[in-house]
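# Secondary and tertiary structure notes
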Amino acid sequence: MDTYQRIIGSWYTLKAWEQYDFQRAHAEAYAEGYNGLLNAPTGSGKTYAMWLPVICNQLALHGNTSAGSLRVIWITPLRALAKDIARALQEACDLLGLEWKVALRTGDVPASVKQRQKKQMPECLVITPESLHVLFCDTAHAALFADVECIVVDEWHELLGSKRGVQTELAIAHIRSIAEKEKKNIRIWGISATIGNLVEAMEVLLGPQHAAKKSTIIRAEHKKKIEVHTVLPPSIEVLPWSGHIGLRLLPEIVRIVHQAQTTLIFTNTRAMAEIWYHQILQYDESLAGVLAMHHGSLSGEVRDWVEENLHAGTLKAVICTSSLDLGVDFRPVDAVIQIGSPKGVARFTQRAGRSGHSPGAVSRIWFIPTHALELVEIAAIKEALALDKIEKREPLVLCFDVLMQYLVTLSVGSGFHAAETFAEVTGTHAFHALQKEEWDTLLLLITKGGTAFQAYDDFSRVGKVGERYHIVNKLAARKHRLSIGTIVSDPVVRVAYLKGGTLGTIEEYFIASLKQGDVFWFAGNCLEFLMLKEMTAYVRKTNEQKAITASYMGGRMPLSSYMAERMRMQLERAATHTTEGPEYTLLVPLLDLQRERSVIPRTDELLVELCTDEEGTHIFFYPFEGRVVHEVMASLTAYRLSRTQPMSISVAMNDYGFELLCNQEVNLTVEIVRALFDLRNMENDLFNSLNATEMAMRKFRDISIISGMIFPGYPGELKRSRHLQSSSALLFKVLREYDPSNVLLRQSYDEILYGQMENARMRGALLRIGNSKVIIRYTEKFSPFAFPIVVDSLRDRLTSERLSDRIKNMLAEHH
C-alpha cells in the first residue's frame, strides 16, 4: 500500500491537485483486492481515482514495462466518451512512465485497426458494450481475455436500467468465467456520479453471489458545489402555456454566453437544439464560427470536430442534447445553461457538473424556464440538491431477447456448453430468476425457431455438435455480427449533399413527409430536399429563411417519480403560503388566479376541474405524476367513464395532469371519481383501454430485432420501418396462434406493463389517490393548471401558426 500511495502521491504532485479521502480509500480497497462501486460527483476526479490504483498495481507487481496482453477492459456507454477516456488514461500512463497502450474499440474505429488489435491487444481497451460482444464472436476470444485483471464500467448509472446494462452484466459474467478457468481473479469496479440506489447498483454490477463476497462502496463525502441560477423574466403572464421554448429569454442567454469562457447550452430534444442554434445566430451574428451544435443525429465528423474544439477552447458555446451529458473534461467550460426542465434531479446534476469539471471547482448552471410551472420544477430540484437526494435506477430482469442474442454471439465464436453457460448466465442479476424451462425454450428458439417455426430453415441458426452449440449457417453468422446491440430505433436515412459530404442521419418518417423542394433546418443549415435514393436524402443549401425544423422520434423527457413527489410537496407549500424563493415571488399572480378559479391541491388531495364550452365537457385531473403515468391514467379513466354512459372522449395530458374531453354533459361525483381510479381490475381494464395487443405487437418489433428473429438489413440498405413492422407483426400473429406461451411474446407484454405503462408507479399513484381527498371544482374559465393541457391537445391538431392564433383567442376568452 505504501508503494501505491507513493506513486499516486507523485501523480497529484505533478497535477498540482489535492488528493481527496475517497481517492485514498479507493486506492486502499483496490490494493486489497476488493470489487465495488466508486461514487463521486462529476468533476471530482473519479476517473483518475479509479485508474491510478490500476497503474500502481502494474508498477508494484511487474514494473513499468509493457504487459504484452490485454489487462484492463474499460466499458463506456458512449463512443464520444470513449475517446475522452482513452486520452485521459493514456496521459496518466505516460506521466507515470508506464509503457502501456490505451486503445479504443468502438463502432467508429476502422476495421483495419480492429484487426491489428486482435493480433496484438493493447494493455487497456476502452470499449462499448456492443463492441465487447462483437469480440465474443471471435473463435479465439478466450485467449484475448485470458490475462484480464480488471473490468471497469464507467458511468454505470447510464447503463443500469437499460438493455445495454443487461449486455454489460452478461459480458462481465462471461469474462469472469474465462478467468476462473485460468484460475485467476478479476477485479470488477463501477463508476457512478448520480444514482440513488448505490447498494442495488453494485449488486447488479457484480452479480448477486459476488456482491456478497469481497465488495465495497467507496463514496466521496465532499459535495460538489453547484450554483443554480434561475433566469427570471421581469414579469409573468397570467395564463402561460407549455410548449414555448423560452425564446423571450434569448438576450439573457447570449449575455451569459459572452460573460463565460465556454458555455454548454443543453436542450431536451434535438429539434430544440436546431431551433436554438438558428435563433442565437440570428440574434447575435458575432457568434458565427464560435457557436456549434452537438447531437446524436449529426455525423461523426461533425461531432468529432465539436469535441476537439471544445477541448481546445476555441468555441464560445455549444448547443447540445444528452450527447454531451457525459465526458471526462472539457476544461474551458465554465458555464452551463439548461433550457426547459430536465425532468429529473440526476440529469440536472450531471449537466451542471459539465462546468467546473475539475476537483474543487464550482459548477455553475443557469436554468431557463419555458413556461410558468417549470419554476415549480426548478424549485423542487433546488430543494433536492440541498437534501442531496437523487433518483433511483431500476435494473431490468429477464430480457429474453438480449439473452438470445448473447447465445447466438457465443455460438458464432467458440460455441458454448449449455450447462456451463446456464450457470454463468444465472449468476447475473438480470437472469438470476431464469427457469430451466425458459432456458430450454431459448435454446429451441435459436436452434429451430421454437415450436412455431421448426419447418423454416431461416430460423435454424445454431446447431448442437457433441455437447456444444455452434453456428451452423454462415449467412446467419454474418448477419448476426452486423446486428449485435440493443439500441433499436426507427430506420434512419443519411442526409448528404448532391455533390458529396454527409451531414448526419435523420429518421425515415420525417424525410417521408417531405416533397421535392421542401426546406428544412438540419445541422445548423437551411436545406432544400431534392430526392430520396437508396436510404439517402440528397439536399442542397438554400438562403430561404422560412423553413421547418427537422423533427425526431423520442420527443419529451418524462418527469421522474422523485421529481413528481417533490412537485406535489412544493405545491402544498404554495397552497399553505409557506413557499420561499424568487421563483415563487414571480409565480404569485398565477397561483393567486389558480386559487381564485379553483384550488391548489395538497399532497393528500386530488383536484378535479370541470369546464363546459362549445367543444363539450372538459374534465381535468391533477395527480402530478408525470406525462408517462398520465397517458396511461387518461386511457384507463376514459375507458371506465365511457362504461358509465355512452359518449365520445378524447384525451390530452402533460406532466401535471390530464384532460378527458367528453361530447356530453357529465355529472361527476366523488364516488364516480374514486371508481375511475380504483386499483381493483387495473391491469385488465388497462389492457382493454389501451389495445394492449396492438401495443405488444409494436413492442415485439424491437424484441424480434434484438433477438435476431428479424434482420434489420445490411449497413446502407436498412429496411423501411413499415417492412420491419409488417414482418414482426406476422411473426407475432403466428406465435400468438401456434406458440402462445412463447417467452418473447410474454416479454413484449411485460415491457408494456412494466415499462410503457409503468405498472409499479401506476399502482403507487392509484393507491395514493385512493387515500386522498377528492376535490371537484366547476370553473367558468380554464384555470392556470388547465390551460397548458388544452394547448398541448391543440398542438397535435394545428400548425404552429394556427396554434399561435388559437392561443391568443383562448387567452382573450379565458383572461
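A brief structural summary. Computed from a predicted model, the values in this text were never measured in an experiment.

Rules behind the numbers
- Residues numbered from 1 in each chain as written.
- Predicted model: local features only at pLDDT ≥ 70, side-chain atom pairs only at ≥ 80, totals over all residues.
- Heavy atoms only, no water.
- Helix = DSSP H or I, 4+ residues; strand = E, 2+ residues; numbered from the N terminus.
- Buried < 20%, exposed > 50% of the residue type's maximum accessible area, 1.4 Å probe, protein only.
- Contact = heavy atoms within 4.5 Å.
- Areas by Shrake-Rupley, 256 points an atom, 1.4 Å probe, with all protein chains shown as cover.
- Expected span 1.5 Å × (residues − 1).
- Pairing = 2+ DSSP bridges.
- Axes fitted to C-alpha atoms, helices over the stretch in contact; angles between N-to-C directions.
- Salt bridge = Lys/Arg side-chain N within 4 Å of Asp/Glu carboxyl O.
- Core = buried A, V, L, I, M, F, W, Y, C linked by side-chain atoms within 4.5 Å.
- Phe/Tyr/Trp six-rings, centres within 6.5 Å; stacked < 30°, edge-to-face > 60°.
- Lys NZ or Arg CZ within 6 Å of the ring centre and 35° of its normal.

## Looking at the overall build of the chain
From N to C terminus, the chain includes 32 helices and 27 strands. Taken across its 815 residues, the chain has 58% of its residues classed as buried. Put simply, of all contacts in the chain between residues at least 6 apart along the chain, 75% involve residues at least 24 apart. As displayed, the chain offers around 33,200 Å² of accessible surface, 50% of which is attributable to carbon and sulfur atoms.

## Some remarks on the environment of Ile-390
Examined against the element boundaries, Ile-390 turns out to sit in the loop between helix H16 (374-387) and helix H17 (400-412). For Ile-390, a relative accessible area of 24% gives the class partly exposed. C-alpha of Ile-390 to C-alpha of Ile-195: the two residues are 195 residues apart in sequence and 6.3 Å apart in space. Not counting the four nearest positions on each side in its chain, Ile-390 is found in contact with Thr-194, Ile-195, Gly-196, Val-345, Ala-346 and Thr-349.

## Observations regarding the environment of Val-302
Relative to the assigned elements, Val-302 resides in helix H14 (residues 300-312). The exposure class of Val-302 is partly exposed, given its relative accessible area of 28%. Distance in space between the C-alpha atoms of Val-302 and Thr-502 is 9.3 Å, their sequence separation being 200 residues.

## Examining helix H3 (residues 46-62)
A turn of α-helix holds 3.6 residues, and therefore any two residues three or four places apart point the same way. Between its first and last C-alpha atoms H3 spans 25 Å; for 17 residues at 1.5 Å apiece the expected length is 24 Å, and the two agree. A positive phi of about 80 degrees marks Gly-63, the residue just after H3.

## Re the sheet that holds strand S2 (residues 72-75)
In space, the 7 strands of this open sheet follow the order S3-S4-S2-S5-S6-S1-S7, with parallel pairing throughout. Edge positions in the sheet fall to strand S3 (102-105) and strand S7 (215-219), since each has one partner strand and no second. Direction aside, neighbouring strands of the sheet carry axes that sit 15 degrees apart on average. Here 4 bridges tie strand S1 (residues 35-39) to strand S6 (residues 187-192), and the two strands are oriented parallel to one another. Bridge pairing in S6 links Asn-39 to Ser-192.

## Things to note about the pattern of salt bridges
Applying the stated criterion across every chain yields a total of 32 salt bridges. Salt-bridge contacts for Asp-21 lead to Arg-24; the nearest nitrogen and oxygen are separated by 3.1 Å. A residue pair is termed a helical-turn pair when its members lie 3 or 4 positions apart in one helix, as Asp-21 and Arg-24 do in helix H2 (residues 21-31) at 3 residues. Its relative accessible area of 62% is what places Asp-21 among the exposed residues. Here Arg-24 falls in the partly exposed class, since its relative accessible area comes to 35%. In the salt-bridge network here, residues are joined through shared partners; they are Arg-568, Glu-625, Arg-761 and Arg-768.

## Examining the nonpolar core
Core analysis: the biggest nonpolar cluster contains 85 residues, and Ile-73, Phe-145 and Ile-151 have the highest contact counts within it. With 9 residues, the single largest contributor to this core is H17. Once residues lying within four places of it in the same chain are set aside, the contact partners of Ile-73 are Leu-125, Ile-127, Leu-132, Phe-145, Val-148, Cys-150, Ile-151, Val-152 and Ile-175. Ranked by size, the runner-up nonpolar core spans 56 residues in total, among them Phe-266, Met-567, Leu-587 and Phe-785.

## Brief notes about H14
In a regular helix each residue adds 1.5 Å, so 13 residues correspond to 18 Å; H14 covers 18 Å between its end C-alpha atoms and thus fits that length. Within H14 the residues assigned to the buried category are Arg-303, Val-306, Glu-307, Asn-309 and Leu-310. Two residues or fewer after H14 comes Gly-313, characterised by a positive phi angle close to 80 degrees.

## Considerations on the packing of aromatic side chains
A full pass over the atoms with the stated rule returns 16 aromatic pairs. Ring plane angle 20 degrees and centroid distance 6.2 Å describe the contact between Tyr-20 and Phe-22, whose orientation is recorded as stacked. Note on accessibility: Tyr-20 and Phe-22 belong to one class, buried. Between Phe-621 and Phe-677 the ring centres are 5.5 Å apart and the planes differ by 65 degrees, which places this aromatic pair in the edge-to-face class. In this pair, Phe-621 is assigned in strand S24 (residues 616-622) and Phe-677 in the loop between helix H25 (670-676) and helix H26 (682-690), connecting sequence segments 56 residues apart. The burial state of Phe-621 is the same as that of Phe-677; both residues are buried. Among the aromatic residues, those joined into a cluster by ring pairs are Tyr-622, Phe-624, Tyr-656 and Phe-785. A cation over a ring is seen here: Arg-187 above Tyr-30, with NZ or CZ 4.4 Å from the ring centre. Looking at Lys-214, its charged tip hangs above the ring of Tyr-34, at a distance of 5.2 Å from the centre.

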